[in-house]
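So you can see what is in the structure, the chains are spelled out below.
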Amino acid sequence: MDYGLRIADCESEIRNPQSEIENVNMAKVNLNRVKAGELELKEKVVAINRVVKTTKGGRAFSFSALVVVGNEGGVVGHGLGKAKEVQEAITKGIEDAKKNLIKVPVMHGTIPHDQLAKEGAAKVLIKPAAHGTGVIAGGSMRAVLESAGVTDVLAKSLGSANPHNVVKATFKALAMLREPITVSKTRRLALKKVFNG
């Protein structure tokens, strides 16, 4: 009996389910990564935290800055910078945010559908809104949504108010949004059926 062949078959069977799981996980969070390149990005500082470390020679101060960048046209990113000076921490945060840019489907100033996302103890819910509603959201979420170019949206933070986790959860919710045309192609449905159910 050819045991070598049978073992190889078993190994391939073991490997395949894992790749399927990875594909499903990636489908859940569809990260449409974007490179900064020529984009004109505006930055918003969400939170600055002062960290004090007690050493033998006294107390050493450092700062961490949570920054959100976006072109207000469907591209947004977030980053964290740490340094001895506030301005240097913000600059590092901006550089980090430019490495984490994603494309968000913005339709007529709002999002295509409701989306719930969780990060740590923070949970956020974002819903599309009619034209003229404005951005109804708290501080950390507002910065992300406005930077993405969303002008009409209803948003609610349902868990922890930690700005780091709220920003990450909002970012995750935006990354999970899908355009109607993508849904129609995936499910092989007419666009009319996607909207009307």
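Everything below is about the structure shown above.
Predicted model only: the values in this text are computed from it and were never measured.

Here we look at a nonpolar patch on the surface
For step 1, the next point in the chain: Among the surface-exposed residues, Val 45, Ile 48 and Val 86 lie close enough to one another that they form a single nonpolar patch of about 210 Å² accessible area.
For step 2, the next point in the chain: With respect to the helices and strands, the residue Ile 48 is situated in strand 2 (residues 42-55).

What to know about the sheet that holds strand 7 (residues 122-128)
For step 1, the next point in the chain: Taken in spatial order, the 4 strands of this open sheet run 6-7-9-8, and their pairing is mixed. Strands with a single pairing partner mark the edges of an open sheet, and in this sheet they are strand 6 (115-119) and strand 8 (135-136).
For step 2, the next point in the chain: The pairing of strand 6 with strand 7 spans 5 bridges and is antiparallel. Within strand 7, the position partnered with Leu 116 by the bridge is Leu 125.
For step 3, the next point in the chain: Along the sheet, helix 3 (residues 139-148) contacts strand 7, strand 8 and strand 9 (153-157); its crossing angle with strand 9, the most-contacted strand, is approximately 150 degrees.

Quick word on the nonpolar core
For step 1, the next point in the chain: Judged by nonpolar contacts, the single largest core of 28 residues is most densely connected at Val 76, Ile 126, Leu 145 and Leu 174.
For step 2, the next point in the chain: Elements represented by at least two residues in this core include exactly strand 3 (58-70), strand 7, helix 3, strand 9 and helix 4 (163-175).
For step 3, the next point in the chain: For this core, the element with the highest residue contribution is helix 4, accounting for 7 residues.
For step 4, the next point in the chain: If sequence neighbours within four positions are ignored, Leu 174 has contacts with Val 76, Ile 102, Val 104, Pro 105, Ile 111, Ile 126, Val 144, Leu 145 and Ala 148.
For step 5, the next point in the chain: Counting residues in each nonpolar core, the second largest holds 12 residues, with Leu 41, Ala 65, Ile 90 and Leu 101 among its members.

Definitions and cut-offs
Residues numbered from 1 in each chain as written. Predicted model: local features only at pLDDT ≥ 70, side-chain atom pairs only at ≥ 80, totals over all residues. Heavy atoms only, no water. Patch = residues over 30% accessible without salt bridge, like charges linked within 9 Å, V, L, I, M, F, W, Y side chains within 5 Å. Areas by Shrake-Rupley, 256 points an atom, 1.4 Å probe, with all protein chains shown as cover. Salt bridge = Lys/Arg side-chain N within 4 Å of Asp/Glu carboxyl O. Helix = DSSP H or I, 4+ residues; strand = E, 2+ residues; numbered from the N terminus. Pairing = 2+ DSSP bridges. Contact = heavy atoms within 4.5 Å. Axes fitted to C-alpha atoms, helices over the stretch in contact; angles between N-to-C directions. Core = buried A, V, L, I, M, F, W, Y, C linked by side-chain atoms within 4.5 Å. Buried < 20%, exposed > 50% of the residue type's maximum accessible area, 1.4 Å probe, protein only.

Nothing here speaks to function; it is geometry throughout.
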